[in-house]
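Read off the chains here:
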Amino acid sequence: VPDNFVEIALKAGATEVHFKYDTCTKERVERSHKAGLHTMVWFRGPIGMAQDLKSKYRGLGYEGKDMYRIVMATGVQAMCVNRPHILLDAAR
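Quick look at the structure, then. (Residues numbered from 1 in each chain as written. Predicted model: local features only at pLDDT ≥ 70, side-chain atom pairs only at ≥ 80, totals over all residues. Heavy atoms only, no water.)

### Some details on the sheet that holds strand β1 (residues 16-20)
In a beta sheet, neighbouring strands pair by backbone hydrogen bonds and run either parallel or antiparallel.
Logical step 1: With parallel pairing, three strands are arranged side by side in an open sheet as β1-β2-β3. Only two strands of the sheet have a single neighbouring strand rather than two, namely β1 and β3 (78-80). On average, each strand axis in the sheet is tilted by 25 degrees relative to the strand beside it, whichever way the strands run.
Logical step 2: Sheet analysis places strand β2 (residues 38-42) next to β3, joined by three bridges and oriented parallel. (Pairing = 2+ DSSP bridges. Helix = DSSP H or I, 4+ residues; strand = E, 2+ residues; numbered from the N terminus. Axes fitted to C-alpha atoms, helices over the stretch in contact; angles between N-to-C directions.)

Structure representation (C-alpha cells):
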C-alpha cells in the first residue's frame, strides 16, 4: 500500500478504500476515516487463503475467529470473507 494511498483515493474521487486482509491496519483505517473515506477489507478466495495460511501465516491455521477479530480491531467498516458464519460468531 503506498504511503499516500489516501491522497491517491481522494484524487481519484473514491469514497472508500478496500484493503487486502494482510494490509489492513488500525493506522490505515484511521487515516481513511479521518479523510472521510469508508473502509472495507477483503480476504482472498479459499484457494488463495489456503496458500497464504500454509506459507505466510502458519500460526493461524485457518481463516477463522482469531483472524477476523484481529481485522475487526482495526475499525474497518465492512468485511468480505469466505466464512461469513464464523464472522458472525466472531462479532458476538
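There is more to say after this.
### Considering the pattern of salt bridges
Logical step 1: Tallied over the entire structure, the rule returns four salt bridges.
Logical step 2: With a shortest N-O distance of 3.8 Å, K20 and D22 are connected by a salt bridge.
Logical step 3: Residue K20 is classed as partly exposed on the basis of its relative accessible area, which comes to 22%.
Logical step 4: Given the relative accessible area of 29%, D22 is considered partly exposed. (Salt bridge = Lys/Arg side-chain N within 4 Å of Asp/Glu carboxyl O. Buried < 20%, exposed > 50% of the residue type's maximum accessible area, 1.4 Å probe, protein only.)

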